[in-house]
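# Structure assessment
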Amino acid sequence: AGELMSHASSALFQAKANGRRSVGWYVPPLKAAGRIRLKMLSGLHKAIERGEFELHYQACLDARAGTVIGVEALARWRHEGVFVPPLEFIALAEESGLIVQLGEWAIGEASRQMRQWTDAGLQVPRVSVNISTLHFGMQSLAESVRAAIRDHGLAPGMLEIELTESCMVRDFTATLGELHALKDLGVSLSLDDFGTGYSSLSYLTRLPIDKLKIDRSFVRLLGASADGEAIVRAIVALGQSLRLELVAEGVETAAQAKMLLDMGCVGIQGFLLATPVPAVHLPASITRARRRAASLAGGPARTGESPDGPDARAALSR
Ligand code: C2E
Ligand code: MG
Ligand code: MG
């Protein structure tokens, strides 16, 4: 009976992931793969209490002004000495429902870190946390955000929640309610991986979102395909006319960044400027990123805006 129920819940997850009114079938995994998966699942259950998760932070810059817009918190799991990439454990965490616990932990941890940076004088205007589709529509989300902001004494605008388009597919009305509850708290909302989901453009006008993140699958096409370039240009125009902030994800080359700047998308996130790093390395990462952004824009980084003065560095290394 236990096995039957677990197979049924895996089929249910499939069905939910496909949207409303759909049917999911349980597909038996290969035996070995199934065993590894089970082992990982049981590890995942203990991971939060054992403190095996950490957040790494990737800076995102306004490449025209050379200033930091914010940092994105990305979860990392160190499991039995091996680093498990998010794309593997996020799916497992969603399947098992642990994603809600992970999301709550990430909100608290990112807020704690933000408090520490602010106290140390590091200028990070905002930290964004990725929240799974499955977490939306749960009362606890707005509650956890409210508690995190209060406990760590943050201004609400210092926290941003990133959601993906699939949130809208599941239950638009519930998601809309949740987004308004978050918005009422004053946190910023961004739509991640834009263009990859089942977006209905009319959602964009009805959602209280502040920012569109252009998915890296489109950014990668810049300079390589005229069609890709046309898509990015169209997304930028859409974002601008809806007065949304724009960030391009996965920017790896100066040529891509320059094309984006020419199109009017100044928010740049990607390995070109900064990779995700542990919190302690963020000040150095930001300094490097600002230098790189300045060379893109064709001038030196602005002075008087040092993100990591000696005080900040000393406090952060304690
Ligand atoms: P995402 O939110 O779209 O995050 C961006 C991903 O792109 C990150 O991968 C980041 O390391 C990677 N990236 C950034 N710049 C570049 C670049 O220039 N080139 C390339 N090739 N990649 C770049 P990561 O950390 O492996 O995370 C993958 C996804 O896992 C995230 O995509 C997000 O959807 C999910 N994820 C990560 N942390 C969390 C979390 O705490 N909660 C939830 N629910 N999902 C998370
Ligand atoms: Mg994200
Ligand atoms: Mg993304």
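In this text the structure is predicted, and so the values were computed from the model without any measurement.

### Some points on helix α12 (residues 282-297)
- The end-to-end C-alpha distance of α12, which contains 16 residues, comes to 22 Å, matching closely the 22 Å that a straight helix rising 1.5 Å per residue would cover.
- Every buried residue of α12 is listed here: Leu282, Pro283, Ser285, Ile286, Ala289, Arg290, Ala293, Ala294 and Leu296.
- Just beyond α12, the residue with positive phi is glycine 298, at close to 85°.

### Considerations on the site of ligand 1
- Neighbouring residues of ligand 1: 21 residues in total, closest Arg76, Asp192, Arg216, Glu252 and Phe271.
- Taking aspartate 192, its side chain carries an N or O atom lying 2.8 Å from an oxygen atom of ligand 1.
- Residue aspartate 193 places a side-chain N or O atom 3.1 Å away from an oxygen atom belonging to ligand 1.
- Among the elements of the structure, β2 (67-79), α3 (86-96) and β6 (188-194) are those that each provide at least two residues to the shell around ligand 1.
- Per-element accounting of the shell around ligand 1 gives the leading share, four residues, to β2.
- In the shell around ligand 1, the residues fall into nine nonpolar, five polar and seven charged.

### Here we look at the environment of aspartate 151
- Tracing the chain through its elements places aspartate 151 in helix α5 (residues 139-151).
- Of the residues examined, aspartate 151 reaches a relative accessible area of 54% and is grouped as exposed.
- Between the alpha carbons of aspartate 151 and alanine 75 there is a distance of 21 Å; along the sequence they are 76 residues apart.

### What to know about the coordination of the magnesium ion (ligand 3)
- At 2.0 to 2.5 Å from the magnesium ion (ligand 3) lie its protein donor atoms, namely Asp192 (OD), Asp193 (OD), Glu249 (OE) and Glu249 (OE).
- Written as a sequence motif, the donor arrangement for the magnesium ion (ligand 3) is D-D-x55-E.
- In this model, the magnesium ion (ligand 3) sits 4.1 Å from the magnesium ion (ligand 2), the two metals being bridged by aspartate 192. On the criterion of sequence distance, the pair formed by aspartate 193 in strand β6 and glutamate 249 in the loop between β8 (245-248) and α11 (254-263) is long-range, its members being 56 residues apart.
- Of the residues examined, glutamate 249 reaches a relative accessible area of 11% and is grouped as buried.

Parameters and conventions
Residues numbered from 1 in each chain as written. Chains lettered and ligands numbered in written order. Predicted model: local features only at pLDDT ≥ 70, side-chain atom pairs only at ≥ 80, totals over all residues. Heavy atoms only, no water. Helix = DSSP H or I, 4+ residues; strand = E, 2+ residues; numbered from the N terminus. Expected span 1.5 Å × (residues − 1). Buried < 20%, exposed > 50% of the residue type's maximum accessible area, 1.4 Å probe, protein only. Near = heavy atom within 4 Å. Polar contact = N/O pair within 3.5 Å; in protein donor to acceptor, adjacent residues only side chain to side chain. Nonpolar A, V, L, I, M, F, W, Y, C, P; charged D, E, K, R; others polar. Donors = N, O, S within 2.8 Å, 3.2 Å for Na, K, Ca; no water.

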